[in-house]
Amino acid sequence: MDALRASYGDTSSDSDSESGPTPITNPTHSPPPLPPPPLSLLQPQHSAGNFDLIPQTNLPNRLRSFPHVEGNYAFHVYIPVTIPISPRKELALFLKRVASIVNELHVVDIDIPLSSLIKDEQKFEQLVLGREFHVSLGRTVPIRVHQRDSMVAMLRQKLQSHRRYWIDFNKWEVFVNDDCTRTFLSVEVTTAGLNEIKKQIEAVNRVYKLHNLPEFYENPRPHISVAWAVGDISNRLKSVIGDEMKRRTGIGCLSNMLRIFNCRFGGISCKIGNRTYEICKVQEE
């Protein structure tokens, strides 16, 4: 509302003034209507632009993994990942088929139902596959403001020397969060890049431990998540994924079963609240 008032002026100031309301000199003519507000005021910070016109009623509510406490900031360490353009079309075909059966799936972060995008190829590829994904190197945890600088400094110290390496995302997998409130459709790393990522996770664990924060899972399974749903629908989603893999293998749609897509490691970032910090970045060779 403050933004809208700034756009039009504070319309409430007239009625609160000591002079009282201004008399209407010509009641037969009504004042011209106000112009529509700027679109930027109507779009949220992480808006998908014109794609916000897609109906988004009755969206499920995602729950925090931990309760919000005043003065705490959510802390997340990750490898940024962008899916190359060439495999996106085949990935989109696969995901559209799954989304047509499992209607509960939503796009990660912007929370638009995948099923609402199926008929528009451009929107589907851009919104579902064209964004930045994350391979988590540690749990998302709350930290206090006084921990921020030391966490970032220690991570940079332990993760500064890394060479570029290839990461193969080669397995569709379904994950459920610890309290079974969310299910994620993901692409897992099981071959190239796995050992390097595990070493990075170990380094992050050492920093977490020094700050009395919970370490990552004992047997980490690096992955990116491309869609999510409320509750635990893992059994049904796994069944649909398995059936679709068999169907597409049979008709020769998945040309390379050893790899869904791959990309090169380019660096590590961490997000504290709404601010992103660069931990390390590998220069182009």
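Residues numbered from 1 in each chain as written. Predicted model: local features only at pLDDT ≥ 70, side-chain atom pairs only at ≥ 80, totals over all residues. Heavy atoms only, no water.

Participant: It is not clear to me how the pairing of strand 10 (residues 267–272) should be interpreted in this structure. Could you clarify?
Facilitator: It is a general feature of regular strands that their side chains alternate between the two faces of the sheet. Of all six residues in strand 10, five are buried; the element is thus mostly enclosed. Bridge count between strand 10 and strand 11 (residues 275–281): six bridges; the pairing is antiparallel. Looking across to strand 11, one finds that Lys271 is bridged to Thr276. Where strand 10 folds back onto strand 11 in an antiparallel hairpin, the turn is made up of two residues, including Gly273, whose phi is positive at roughly 65°. (Buried < 20%, exposed > 50% of the residue type's maximum accessible area, 1.4 Å probe, protein only. Helix = DSSP H or I, 4+ residues; strand = E, 2+ residues; numbered from the N terminus. Pairing = 2+ DSSP bridges.)

Participant: I'm lost on unusual backbone geometry in this one. Help?
Facilitator: Negative phi values dominate among residues other than glycine, just as trans dominates among peptide bonds. The residue Asp109 is not glycine, and still its phi comes out positive at about 80°. The residue Asp109 is located in the loop between strand 2 (106–107) and helix 5 (121–129) in this model. Overall, Asp109 belongs to the partly exposed group, its relative accessible area being 44%. Even without being a glycine, Asn212 presents a positive backbone phi close to 60°. Secondary-structure assignment places Asn212 in the loop between helix 7 (194–210) and strand 8 (223–230). For Asn212, a relative accessible area of 73% translates into the label exposed.

Participant: Help me out: how do you make sense of helix 7 in this one?
Facilitator: What sets the pattern is the α-helix's 3.6 residues per turn: residues three or four places apart point alike. Over its 17 residues, helix 7 runs 25 Å from end to end, which matches the ideal 24 Å to within 8%, given 1.5 Å per residue. Those residues of helix 7 not exposed but buried are Leu194, Ile197, Gln200, Ile201, Ala203, Val204, Asn205, Val207 and Tyr208. In this structure, the buried side of helix 7 is in contact with strand 1 (72–82), strand 3 (132–136), strand 4 (141–144), helix 6 (148–159), strand 5 (166–169) and strand 10. (Expected span 1.5 Å × (residues − 1). Contact = heavy atoms within 4.5 Å.)

Participant: Would you mind showing me how to read the pairing of strand 3 here?
Facilitator: Burial along strand 3 is one-sided: Phe133 and Val135 are buried, and none of Glu132, His134 and Ser136, which face the opposite way, are. Note: strand 1 against strand 3, five bridges, orientation antiparallel. Across the sheet, the residue bridging to Pro80 is His134, located in strand 3.

Participant: How do you make sense of helix 6 when you look at a structure like this?
Facilitator: Here helix 6 contains 12 residues, and its C-alpha end-to-end distance of 17 Å stays within 8% of the 16 Å for a straight helix at 1.5 Å per residue. Of all the positions in helix 6, only Met151, Val152, Leu155 and Leu159 are classed as buried. The arc that holds every buried residue of helix 6, seen down its axis, measures 95°, which confines them to one face. Away from its buried face, by an angle of more than 90 degrees, helix 6 presents the exposed residues Asp149 and Gln157. (Arc of directions from axis to C-beta.)

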